[in-house]
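Summary of structural features
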Amino acid sequence: METIIQGKAYVLGRNIDTDQIIPAEHLVYSLSDPEEVKLYGKYALSGVPPEQGGLPQGNIPFVNEGSFRSEFTIIVAGPNFGCGSSREHAPFSLQVAGAKAIIAESYARIFYRNCVDGGFVIPYETADTLTEAVRTGDELKIDIEANTVTNLTTGVTWQLNPLGDVFNIVRAGGIFAYARQENLMAGTEPHE
Amino acid sequence: MAQTITQKILSRAANRKFVDAGENVWLNVDILLTHDVCGPPTFDIFRQEFGPDAKVWDPEKVVVLPDHYIFTANEHAHRNIDLLREFAARQGLPNYYDVGTDRYKGVCHVALAEEGFNIPGTVLFGTDSHTCTSGAFGMFGTGIGNTDAAFILGTGKLWEKVPESMKFTFEGEMPEYLSAKDLILQILGDIGTDGATYRAMEFDGEAVYSLPVEERMTLTNMAIEAGGMNGIIAADAVTEAYVKAHSSKPYEIFHSDPDAPYHSIRRYNVKEMEPVVAQPHSPDNRATVRSVQGTKITKSYIGSCTGGKLTDFMLAAKILKGRQAAVPTNIVPATVKVARDLEIETYEGVTLKKIFEDAGCSIALPSCAACLGGPADTVGRSVDYDVVVSTTNRNFPGRMGSKKAGVYLASPLTAAASAVTGKLTDPRDFL
């Protein structure tokens, strides 16, 4: 896996639920057909009320009208990111749009598991309130080994909370890769 | 070592005598539930990871209940049902409840109970966040994503972090103007939408045990709205009677040890509580109905896994009998069984169905319907600046359709009273 994640930040508030990440009406598209998959990128974070997207200014869409990819790589948010439904389409849509990591103050359990076990985006937590120190569009750099994030626009560096047990699953690329690596799926190998 | 009921059930599923809060354990899964939104992608991952000819670990333990997007012209939604049907046929799944046949049931969490899949002491995972509903049967139930579900499909196992438990005790005799919905909205207002993240929410006390199983399901159903991993109520004679009437499977009843460790314990006296709502746009934005009384509404909605059970309609009928709804009011029975019961069960000698029809309500076919918005042609979907009073479970922006709409989550009594006046109304005005 890469050791550095660098790109533009997209800043959101607290309690961003899965209906805001990918509204329920879009859950009908295939997650395996490449053409339909692009639609998950197109509608990623489309349920966020416009004035609450791209803080502190607001009214900055995550994905521009007519586009399938976002110019933002790292999402910065307050507490309880991903609360609400169990839809794995949520972290999937963020990945399809081009996001690689989220830095939030905390996560809802199912969303967090989905990020890790599906290998979609890395869900980092931080004790600091980054939403007040990062502006949408700032250039951020996450150092995965050092477990830090630096705002290259302002020069400030923060420590990220350790990923703990789940770092092994993140590093493997998801629960299946991890389980094979740890020989937890003996007797259930894929049929060639 | 003393354990909570949740620890004991997870110990059993991990083949251990004791599991400690915070440790990650591998669990043997008793039932895996999925539906039309998350089933197809789960099956895709299963085939990708285990091979095109792989068989699920135990066909008897996979329950597939399509319920989300059923009565819609949306072609993608139809395709999802086709994908479920094809997978069920190829895998020989006996517990697939096909749309358009007399096997169709409706909302999965209510149908699981009706079809006898909720068994005390067992472990249920489901690709739906409200899988915690089944905890009302003294079992462990929690929601997961498609990848985790595909892992279970192939192996019958999943890792989980053993949760700390929070205890909520409701003392006193339930007043007629309160329902379980008021109790859980009270808790949500107290602890917030992340107040129980990664924890178990255990409910007990005289008021809880006076409730029928369906009302207890309303409590455990909304554990996820506090971020809870699971909600749980130890089984008693009421639970046992329900389980025996719906299943012949063996079950094991667990109780928390008296000295079990808790993250926190909260006590309530229901006699001191009032009807409450969750105001837009969060389930923890609690207010007493009295404090927002008079707020104009454009719609009332009574349905979903939270508020579309027979007991919910019994409560609504008490207020709607002999009265007229002043705003469009949707009655959406959770399941086919509930819909049938509306034609049979009576209040003061009149069937519930007749009461609702006479009140001018529209009765929809059983499914999740507008609880989560759904495709554009979904019954009851909010539009523009709708102000909805609803017995459902979430009111985040856009949840019931329109991003501009506001949703007040309420008990069936409050939703019915507000339907009659066209304004948020405390049910005590009619009782």
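Here, residues in each chain are numbered from 1, in the same order as that chain's written sequence. Chain letters start at A and ligand numbers start at 1, both assigned in the order the entries are written. This being a predicted model, a pLDDT of at least 70 is required before a residue's local features are given, and a value of 80 or more before pairs of side-chain atoms are given or counted; all residues contribute to the totals for chains, interfaces and linings.

This part covers the overall build of chain A. A tally of helices and strands in chain A yields six helices and seven strands. Counting from the N terminus, the helices are DSSP H or I runs at least four residues long and the strands are E runs at least two residues long. For chain A, the sequential pattern of α-helices and β-strands runs β-α-α-β-α-β-α-β-β-β-β-α-α. We take the radius of gyration over the C-alpha atoms and set the globule estimate at 2.2 Å times the residue count to the 0.38 power. Relative to the globule expectation of 16 Å for 192 residues, the C-alpha radius of gyration of chain A, 16 Å, shows essentially globular dimensions. Dimensions along the principal axes, computed over C-alpha positions, put chain A at roughly 55 × 40 × 25 Å. Three exposure classes are used, all based on how many other C-beta atoms lie within 10 Å of a residue's own C-beta (placed from the backbone): buried at 20 or more, exposed at 12 or fewer, and partly exposed between those limits. The buried share of chain A, taken over its 192 residues, is 52%. Taking the intrachain contacts of chain A between residues at least 6 apart in sequence as the baseline, contacts between residues at least 24 apart amount to 68%. Once C-beta atoms have been placed from the backbone, residue pairs whose C-beta atoms lie within 7 Å are recorded as contacts.

To continue, consider helix α2 (residues 34–42) of chain A. In an α-helix there are 3.6 residues to a turn, and that puts residues three or four apart on one side. Of the positions making up α2 of chain A, those classed as buried are Tyr40, Gly41 and Lys42 of chain A. In this fold, the buried residues of α2 of chain A make contact with α3 (89–97) of chain A.

Residue and element names in this part refer to chain B. Summarising the element assignment, Ile253 is placed in the loop between α9 (237–246) and β10 (264–269). It is 29 Å that separates the C-alpha atoms of Ile253 and Ala150, two residues lying 103 residues apart in sequence. Residues contacting Ile253, with those up to four places away along its chain left out, are Pro120, Gly121, Gly138 and Ala235.

A word on the packing of helix α12 (residues 310–320) of chain B against helix α15 (residues 412–421) of chain B. All names here are of chain B. Lines fitted to C-alpha atoms define the axes here, with helix axes fitted over just the stretch in contact, and angles between the N-to-C directions of these axes take values from 0 to 180 degrees. At a closest axis distance of 8 Å, the pairing of α12 and α15 adopts a crossing angle of 30°. Taken as a pair, α12 and α15 cross one another with a handedness that is right-handed. In contact with Asp312, Leu315, Ala316, Ile319 and Leu320 of α12, α15 contributes Pro412, Leu413, Ala415, Ala416, Ala417 and Val420. Residues are grouped as follows: Ala, Val, Leu, Ile, Met, Phe, Trp, Tyr, Cys and Pro are nonpolar; Asp, Glu, Lys and Arg are charged; all remaining types, including Gly, are polar. Considering only residue class, the contact of α12 with α15 consists of ten nonpolar, no polar and one charged. Crossing handedness follows the turn of the near helix against the far one: under a right angle anticlockwise gives a left-handed crossing, and clockwise gives a right-handed one.

Another point: the domain arrangement of chain B. Residues and elements named next belong to chain B. Delimitation of the domains relies on an automatic or database domain assignment. Parsing chain B into structural domains produces domain 1 (5–247) and domain 2 (276–429). The distance between the C-alpha centroids of domain 1 and domain 2 comes to 24 Å. Taken residue by residue, the interface counts 37 residues in domain 1 and 40 residues in domain 2. Split into classes, the residues belonging to the side of domain 1 that touches domain 2 amount to 15 nonpolar, 14 polar and eight charged.

Take the sheet that holds strand β8 (residues 200–204) of chain B next. Residues and elements named next belong to chain B. Each pair of strands is called paired provided DSSP finds at least two bridges between the two strands. Pairing within the open sheet is parallel, and its four strands lie in the order β9-β8-β7-β10. The open sheet has two free edges, formed respectively by β9 (230–232) and β10, since each of these has just one partner strand. Ignoring which end each strand starts from, the neighbouring axes of this sheet average 20° apart. With three bridges joining them, β8 and β9 adopt parallel strand pairing. Among the inter-strand pairings, Glu202 is bridged to a residue of β9, identified as Ile232.

Turning to unusual backbone geometry, a few remarks are in order. Residue Pro56 of chain A follows Leu55 of chain A across a cis peptide bond; omega there is 5°. Mapped onto the fold, Pro56 of chain A is located in the loop between α2 and β2 (72–77). For the bond running from Pro280 of chain B to His281 of chain B, omega is -5°, close enough to zero to count as cis. Despite not being glycine, Asn80 of chain A has its phi angle at roughly 65°, a positive value. Mapped onto the secondary structure, Asn80 of chain A falls in the loop between β2 and α3. Although it is not a glycine, Glu348 of chain B sits at a positive phi angle of roughly 50°. The topology assignment puts Glu348 of chain B in the loop between β15 (346–347) and β16 (350–351).

Below, the discussion takes up the nonpolar core. The tendency in soluble globular proteins is for nonpolar side chains to be buried side by side. Only buried residues count toward a nonpolar core: Ala, Val, Leu, Ile, Met, Phe, Trp, Tyr and Cys, linked into one set through C-beta atoms within 7 Å. Among the nonpolar cores identified, the biggest contains 205 residues, and Ala44, Ile74, Ile75 and Ile103 of chain A are the most heavily contacted of them. Two domains each put at least three residues into this core: domain 1 (5–247) and domain 2 (276–429) of chain B. Discounting residues that sit within four places of it in the chain, Ile103 of chain A has contacts with Ile74, Val76, Tyr124, Thr126, Leu130, Val149 and Leu160 of chain A.

The next thing to look at is the interface of chain B and chain A. If you look at the interface, chain B gives 45 residues, while chain A gives 38 residues. At the level of secondary structure, the elements contributing two or more residues to the side of chain B that touches chain A comprise α2 (39–50), α3 (75–91) and α5 (146–155) of chain B. When the residues that make up the side of chain B that touches chain A are grouped by side-chain class, the tally is 16 nonpolar, 20 polar and nine charged.

Further remarks concern the packing of α2 of chain A against α3 of chain A. Residue and element names in this part refer to chain A. Interhelical geometry of α2 versus α3 gives an angle of 95° and a closest axis separation of 7 Å. The angle between α2 and α3 places the two elements in the roughly perpendicular class. Only His89, Phe92, Ser93, Val96 and Ala97 of α3 make contact with α2, whose side of the interface consists of Val37, Lys38, Tyr40 and Gly41. Here the residues of the contact of α2 with α3 are counted per class, giving five nonpolar, three polar and one charged. By definition in this entry, angles of less than 35 degrees are roughly parallel, angles greater than 145 are roughly antiparallel, angles of 65 to 115 are roughly perpendicular, and the rest are oblique.

For the rest of this paragraph, the subject is the pairing of strand β5 (residues 139–143) of chain A. Residues and elements named next belong to chain A. Of the two faces of β5, the one lined by Leu140 and Ile142 is fully buried and the one lined by Glu139, Lys141 and Asp143 carries no buried residue. Alignment of strand β1 (residues 4–11) against β5, held across five bridges, turns out to be antiparallel. Residue Lys8 lies in a different strand from β5, and its bridge partner there is Glu139. Joining the antiparallel neighbours β5 and strand β6 (residues 148–151) is a turn of four residues, in which Asn147 adopts a positive phi near 60°.

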